[in-house]
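Next come the chains, spelled out residue by residue.
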Amino acid sequence: MPTMNIIQAVNDALDLAMAADKDVVILGEDVGKFGGVFRATVGLQEKYGEDRVIDTPLAEAGIIGAAIGMAIYGLRPVAEIQFSDFIFPAYDQIVNELAKFRYRSGGEYPCPMVIRTPFGGGIRGGHYHSQSPEATFAHHAGLVCVAPSNPYDAKGLLLAALASPDPVMVFEPKRIYRGPAHGTNWSAHPKGEVPAGHYTVPIGKADIARPLRGKGIPVSLITYGAMVETCREAATKVEADGIDVELIDLRTLVPYDLPAIVESVSRTGRAVVANEAPKTCGFAAEIVALIMEHCFDWLQAPPLRVTGYDTPFPYTLEAAYLPDSGRVATALRSVARYK
Amino acid sequence: MAASQPPPVEIAPLRVLRADGTILDPEFIDSVPASDIARLYAAMVAQRVYDDRMIKMQRQGRLGFYLACTGEEACAYGPAYALRDDDWMFPAYREPGVALWRGFPLQTWVDNLVGNCDDPVKGRQMPVHWSARAQNVVSISSPVGTQIPQCAGTAYAMRQRGDDAVAICFFGEGTSSEGDFHVGLNFAGVAKAPAIFFCRNNGYAISTPYEKTTATPHIALRALGYGIRGQVVDGNDLFAVIKAVREAAAFARAGHGPTLIEAKTYRLAAHSTSDDPKAYRSREEEAEAAAQDPLPRLRRWLEAQGLWDEAREQQTQAEASEAILAALARAEAKPHPPLTTLFDDVFAARTPLLEAQALELAAHLSSGDSAYRASGGH
Ligand SMILES: Cc1ncc(C[n+]2csc(CCOP(=O)(O)OP(=O)(O)O)c2C)c(N)n1
Ligand SMILES: [Mg+2]
């Protein structure tokens, strides 16, 4: 099986979708001739033409607004927003239009389309190339939100998004685009193996990224996106402390996989939830609330969150800001030792 | 790499019919069958009666909200007539005529005003925010201008699919200040999409007069900045509006790209039932504008042709009044949309969360302590 990084997996999914369905079009800033600033659409314009891989004017509201108009007419647009930090000029089109089109038209105008956007820090991008705005979209009814954490899921979720009858936002973990950790590549990672043909990863289903080993105090560790690899590292760290981590990769934020969360936490009785975004109203807050509502009787300790701080995303002090495996490990120990 | 021959921007208002009902462009009149003109006029008269009655019904508390197009009827019925049924239309909120002309049932339109079980949007939006899929008229939302880039995208899709259709969107001159106006026209201009941007310049954005909206003397001049065709038209002249939209559609279908049409008109009524224009404009100004009213102007011409008279006017008004009031009575007698629809159409299928919330609501409604039940909901 070929190994791919996340960029190659996304490119492969788009290529397959465009070959299979001429209604699939890609639009965004620099996606065509250049192949995108992260190179996710490289070679596609050459293969499918300028009318299907559209270099748009620099205007996010125009990209999403036009994509909506294409989608309600029957095309299947994949809009790229270059960095999720720059999605806000299109916030109105996404929240008031895309999310509500089916509902507000009584089902007359469904609007199935995909928005791909890289999110998260760790690339020395400062305030405006590092943010994680996924919770602000998960909050608005009508948007499916997914966040793959590896090449296999990136391809499978994108192909599932392209077949979905609903608008899907794909938050791509740009820090791990090319390798699960700085200076590594995906070839040694089991999820770096990506089947060549068409397959899908189901929307709404979480994945157990690391099962319990059966030795030590069990803790459920729940996260998504680039934080999956940070949390995996933390799980390895706390093995020595007699802590046995079940790592759950949510993969889909909306609609989230509640049974998977409840099943795990009711078994372990302890939970840590991590997201890279600031703490207040971050997606981890929602997961912790669900755990309290659904797993209270089984809990051995209050669930903890590990998140970014409630500051704008910094440049020089980025490594201090980002939740690292040490902070996750500390939270795991605290939850495991709670009396 | 600027286009060597930029499309023209015409700011002398396109006119076919003078205010006194005489004709400037007889050749154009020959291109519209007389019977169609009488039908269009009758539809515009009916629209005015609908607006008048619905404003009264809102005052009586029978509608939550209403918004009339009085004085601007030609800006809806003209484009609807000029285009083909496979051309898509994106209305703002002041053009019910675009759908009614294409056969959107009056009853369905009124069902939306009431928000009952037969409202096409299932009571989910305020009155005046309808959707008419069968007529290729797109769902209306409140945030102004959002339909402009969407229209550009639909036009793009039409060409991409090899369809020879065009997409038109409607918006007010106030809305032309929104960013979506800019991004929509710019996108369509670059793509040479077969789109028509129809700006109803009715002088006001609620209370804000044109002079506070823009320093440009004509919205249509902005077409220059996008390298697209621009056309000012007398928006109170049904014939001129039809001519302008026909020309824009032909231009678009020929692959030359979009046109920005600015229709100069006047909002004779209040912005909506929540507004009182006395606070911001003079009676003299309103009287002056009323002299340009598109309906009497067209009627003068029709009467001169022997196609209309006072008896037909009376009959048309009486029939429209009866039809709209009967439709309202029928709409009021219908039940609310079923409660289950609250959770439908968020997604194609209900998510487990929505299923759970539907059960929660059902339990709450049977608890005996529900505001919905207390307000008479059943
Ligand atoms: C984004 C947004 N801002 C404000 C409003 C409130 N609002 C509704 S209509 C309107 C005025 C629009 O004026 P214009 O575009 O000239 O259209 P007209 O009502 O004159 O037809 C305003 C401010 C809104 N609906 N959407
Ligand atoms: Mg106006």
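Residues numbered from 1 in each chain as written. Chains lettered and ligands numbered in written order. Predicted model: local features only at pLDDT ≥ 70, side-chain atom pairs only at ≥ 80, totals over all residues. Heavy atoms only, no water.

### Remarks on the overall build of chain A
Phase 1: Scanning chain A from terminus to terminus reveals 12 helices and 12 strands.
Phase 2: Relative to the compact-globule value of 20 Å for 339 residues, chain A shows a C-alpha radius of gyration of 20 Å, a close match.
Phase 3: Based on the C-alpha atoms only, the size of chain A along its principal axes is roughly 60 × 45 × 40 Å.
Phase 4: When burial is assessed residue by residue, chain A has 63% of its 339 residues classed as buried.
Phase 5: If you take every contact in chain A between residues at least 6 apart in sequence, the share linking residues at least 24 apart comes to 81%.
Phase 6: Put simply, chain A shows about 12,300 Å² of open surface, and 56% of that area lies on carbon and sulfur atoms.
Phase 7: Charged side chains of chain A number 31 positive and 38 negative; the gap between the two group centres comes to 6 Å. (Helix = DSSP H or I, 4+ residues; strand = E, 2+ residues; numbered from the N terminus. Rg over C-alpha atoms; globule rule 2.2 N^0.38 Å. Buried < 20%, exposed > 50% of the residue type's maximum accessible area, 1.4 Å probe, protein only. Contact = heavy atoms within 4.5 Å. Areas by Shrake-Rupley, 256 points an atom, 1.4 Å probe, with all protein chains shown as cover. Lys, Arg positive; Asp, Glu negative; His and termini not counted. Charge placed at Lys NZ, Arg CZ, Asp CG, Glu CD.)

### What about the overall build of chain B?
Phase 1: Counting its secondary structure elements, chain B contains 15 helices and 8 strands.
Phase 2: Relative to its length of 378 residues, chain B is compact, with a C-alpha radius of gyration of 22 Å against a globular reference of 21 Å.
Phase 3: Overall, chain B is about 70 × 60 × 40 Å in size when its C-alpha atoms are taken along their principal axes.
Phase 4: Within chain B, contacts between residues separated by at least 24 positions form 74% of all contacts whose residues are at least 6 apart in sequence.
Phase 5: Approximately 15,100 Å² of chain B is accessible, and the part contributed by carbon and sulfur atoms is 54%.

### What to know about the coordination of the magnesium ion (ligand 2)
All names here are of chain B.
Phase 1: Of the protein atoms, only Glu173 (OE), Glu173 (OE), Asn202 (OD1) and Tyr204 (O) coordinate the magnesium ion (ligand 2), at distances of 2.1 to 2.8 Å.
Phase 2: Between consecutive donors of the magnesium ion (ligand 2), the numbers of intervening residues give the motif E-x28-N-x1-Y. Of this pair, glutamate 173 sits in the loop between strand E3 (167–172) and helix H7 (179–191) while asparagine 202 is found in the loop between strand E4 (195–201) and strand E5 (204–205), placing the two residues 29 residues apart along the sequence. Of the two residues, glutamate 173 and asparagine 202, both sit in the buried class. (Donors = N, O, S within 2.8 Å, 3.2 Å for Na, K, Ca; no water.)

### So, the side chain of glutamate 134 of chain A
Residue and element names in this part refer to chain A.
Phase 1: Mapped onto the elements of the fold, glutamate 134 is located in helix H6 (residues 134–138).
Phase 2: Buried within the structure, glutamate 134 lacks any salt-bridge partner; its nearest side chain of opposite charge belongs to lysine 174, at an N-O separation of 9.6 Å.
Phase 3: Within the local environment of glutamate 134, its side chain forms a polar contact with the side chain of tyrosine 224, the two groups lying 2.5 Å apart.
Phase 4: In this structure, glutamate 134 is in contact with Phe119, Phe171, Tyr224, Leu253 and Ala277, ignoring residues within four places of it in sequence. (Salt bridge = Lys/Arg side-chain N within 4 Å of Asp/Glu carboxyl O. Polar contact = N/O pair within 3.5 Å; in protein donor to acceptor, adjacent residues only side chain to side chain.)

### Some points on the nonpolar core
Phase 1: If you look at the biggest cluster of nonpolar residues, it comprises 126 residues, and the most contacted ones within it are Ile64, Ile94 and Ile291 of chain A together with Phe197 and Leu260 of chain B.
Phase 2: In terms of residues, this core owes the most to one element, helix H3 (residues 60–73) of chain A, which gives 9 residues.
Phase 3: Counting residues in hydrophobic clusters, the runner-up holds 77 residues, among them Phe28, Leu40, Ala68 and Ile242 of chain B. (Core = buried A, V, L, I, M, F, W, Y, C linked by side-chain atoms within 4.5 Å.)

### Quick notes on the site of ligand 1
Residue and element names in this part refer to chain B.
Phase 1: Taken together, 16 residues surround ligand 1, and among them Tyr93, Arg94, Thr175, Asn202 and Tyr204 come closest.
Phase 2: A distance of 2.9 Å is found between a nitrogen atom of ligand 1 and a backbone nitrogen or oxygen belonging to serine 142.
Phase 3: Across the shell around ligand 1, the residue classes break down as 6 nonpolar, 6 polar and 4 charged. (Near = heavy atom within 4 Å. Nonpolar A, V, L, I, M, F, W, Y, C, P; charged D, E, K, R; others polar.)

### Things to note about the domain arrangement of chain B
Phase 1: Looking at chain B, the domain boundaries give domain 1 (26–333) and domain 2 (339–375).
Phase 2: If you average the C-alpha positions of domain 1 of chain B and of domain 2 of chain B, the two centres end up 37 Å apart. (Domains from an automatic or database assignment.)

### Here's the deal with the interface of chain B and chain A
Phase 1: Every contact between the two is made by 42 residues of chain B and, on the other side, 42 residues of chain A.
Phase 2: Both sides together, the interface formed by chain B and chain A hides about 3,500 Å², and carbon and sulfur atoms give 62% of it.
Phase 3: By the criterion of area lost to chain A, the three top residues of chain B are Gln150, Phe187 and Phe347 of chain B, representing 18% of everything that side buries.
Phase 4: The tally of links from chain B across to chain A stands at 1 salt bridge. (Buried area = accessible area lost by both parts, 1.4 Å probe.)

### Re the packing of aromatic side chains
Phase 1: Tallied over the entire structure, the rule returns 28 aromatic pairs over all chains.
Phase 2: Relative to phenylalanine 137 of chain A, the ring of tyrosine 91 of chain A lies with its centre 5.3 Å away and its plane at 80 degrees, an arrangement referred to as edge-to-face. On the criterion of sequence distance, the pair formed by tyrosine 91 of chain A in helix H4 (residues 91–98) and phenylalanine 137 of chain A in helix H6 is long-range, its members being 46 residues apart.
Phase 3: Between tyrosine 66 of chain B and tryptophan 109 of chain B, the ring centres sit 6.3 Å apart and the planes meet at 75 degrees, which makes this aromatic pair edge-to-face. Of this pair, tyrosine 66 of chain B sits in the loop between helix H2 (34–59) and helix H3 (74–82) while tryptophan 109 of chain B sits in helix H5 (residues 106–114), and the two are 43 residues apart along the sequence.
Phase 4: With a relative accessible area of 1%, tyrosine 66 of chain B lands in the buried category.
Phase 5: Classification of tryptophan 109 of chain B by relative accessible area gives buried; the value is 2%.
Phase 6: Here the aromatic residues Phe88, Tyr91, Phe119, Phe137 and Phe171 of chain A are joined through ring pairs into a cluster of three or more.
Phase 7: Sitting above the plane of the phenylalanine 101 of chain A ring, arginine 104 of chain A keeps its charged end 4.1 Å from the centroid. (Phe/Tyr/Trp six-rings, centres within 6.5 Å; stacked < 30°, edge-to-face > 60°. Lys NZ or Arg CZ within 6 Å of the ring centre and 35° of its normal.)

### As for the pattern of salt bridges
Phase 1: Applying the stated criterion across every chain, the model contains 48 salt bridges over all chains.
Phase 2: Ionic pairing is found between aspartate 241 of chain A and arginine 337 of chain A, a salt bridge with its closest N-O pair at 3.5 Å. Taken together, the positions of aspartate 241 of chain A in the loop between helix H8 (227–239) and strand E9 (243–249) and arginine 337 of chain A in helix H12 (residues 325–337) put the pair 96 residues apart, joining distant regions of the chain.
Phase 3: When its relative accessible area of 31% is taken as the criterion, aspartate 241 of chain A is described as partly exposed.
Phase 4: The salt bridge involving aspartate 234 of chain B is made with arginine 297 of chain B; its shortest N-O contact spans 3.0 Å. On the criterion of sequence distance, the pair formed by aspartate 234 of chain B in strand E7 (residues 229–234) and arginine 297 of chain B in helix H12 (residues 294–304) is long-range, its members being 63 residues apart. Summarising the burial analysis for this pair, aspartate 234 of chain B and arginine 297 of chain B share the class buried.
Phase 5: Residues joined by salt bridges that share partners form a network here, namely Asp153, Lys191, Asp207 and Arg251 of chain A.

### Focus: the pairing of strand E6 (residues 168–173) of chain A
Residues and elements named next belong to chain A.
Phase 1: With 6 of its 6 residues buried, E6 lies for the most part within the structure.
Phase 2: Alternating positions in E6 separate into two faces, Val168, Val170 and Glu172 on one and Met169, Phe171 and Pro173 on the other, with burial throughout.
Phase 3: Bridge count between strand E4 (residues 114–119) and E6: 6 bridges; the pairing is parallel. Directly across from isoleucine 115, in E6, lies its bridge partner methionine 169.
Phase 4: Each parallel crossover has a hand, and for strand E5 (residues 144–146) linked through helix H7 (residues 151–163) to E6 it is right-handed. (Pairing = 2+ DSSP bridges. Right-handed = clockwise from strand over helix to strand, strands pointing away.)

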